[in-house]
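A look at the structure
Residues per chain, in single letters:
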Amino acid sequence: MPFTMKNFVFWSGVYNAGLALTLTFPPVYRLLGLNVPAPLWGWLVAGFLAYTSVVLILSSRDLRHLAAFVYWESILRYIAALLLIPAGLFGDLGLIAVPLGLGDLAIGLVYMFGLPKELGLSHTALLCDRIG
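Here the structure is a predicted model, which is why all the values come from computation and not from measurement.

What about the pattern of salt bridges?
Taken as a whole and assessed by the stated rule, the structure comprises 2 salt bridges. Note that Glu73 and Arg77 form a salt bridge whose closest N and O atoms lie 3.1 Å from each other. Placement of the pair is Glu73 and Arg77 together in helix α4 (residues 63–90), with a separation of 4 residues, close to one helical turn. Exposure class is identical for Glu73 and Arg77. Each is buried.

Okay, here's the thing in structure tokens:
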């Protein structure tokens, strides 16, 4: 199967759904080495991830018209990386947060630079939703 942004966006949405499911069960994420201070915070992040999962999966169905949502998701991925990597290295979140943050950074870069290339749109058009 050739690499397409449509497939990448879909599978990254599935990945978000898996993360959301994992964060709903404290024994599971603790077993993986993630130390969320209270279950409430894990559930809050899980809700956010579930929402972004739905947005990504639905956007992948009509990427040409919904690419702005995915482009903005790249910015959320960068923020996640900025929070997760230092918290994993210097905080008490657990070292597993570092590869998760690096993964978010990589996904964000693919979104931000892959979408304009595949769709033939500028960064400004995607950022401002001037796609049509």
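Structure's up, so let's keep going.
Focus: the confidence of the model for the protein
Here the protein shows a mean pLDDT of 96. Residues at 70 or above account for 99%. The spread of mean pLDDT over the elements of the protein runs between helix α2 (residues 26–31), the lowest at 96, and helix α1 (residues 5–23), the highest at 98.

Observations concerning a nonpolar patch on the surface
On the surface, Leu21, Phe25, Val28 and Leu32 cluster together into a nonpolar patch covering about 380 Å² of accessible area. Inspection of the secondary structure puts Val28 in helix α2.

Concerning the environment of Leu100
Residue placement: Leu100 occurs in helix α5 (residues 97–119). We classify Leu100 as partly exposed; its relative accessible area is 23%. Residues Leu100 and Ala80, spaced 20 residues apart in sequence, show a C-alpha to C-alpha distance of 8.9 Å. Those residues in contact with Leu100 that lie beyond four places of it in its chain are Tyr15, Leu19 and Leu84.

Thresholds applied
- Residues numbered from 1 in each chain as written.
- Predicted model: local features only at pLDDT ≥ 70, side-chain atom pairs only at ≥ 80, totals over all residues.
- Heavy atoms only, no water.
- Salt bridge = Lys/Arg side-chain N within 4 Å of Asp/Glu carboxyl O.
- Helix = DSSP H or I, 4+ residues; strand = E, 2+ residues; numbered from the N terminus.
- Buried < 20%, exposed > 50% of the residue type's maximum accessible area, 1.4 Å probe, protein only.
- pLDDT = per-residue confidence, 0-100.
- Patch = residues over 30% accessible without salt bridge, like charges linked within 9 Å, V, L, I, M, F, W, Y side chains within 5 Å.
- Areas by Shrake-Rupley, 256 points an atom, 1.4 Å probe, with all protein chains shown as cover.
- Contact = heavy atoms within 4.5 Å.

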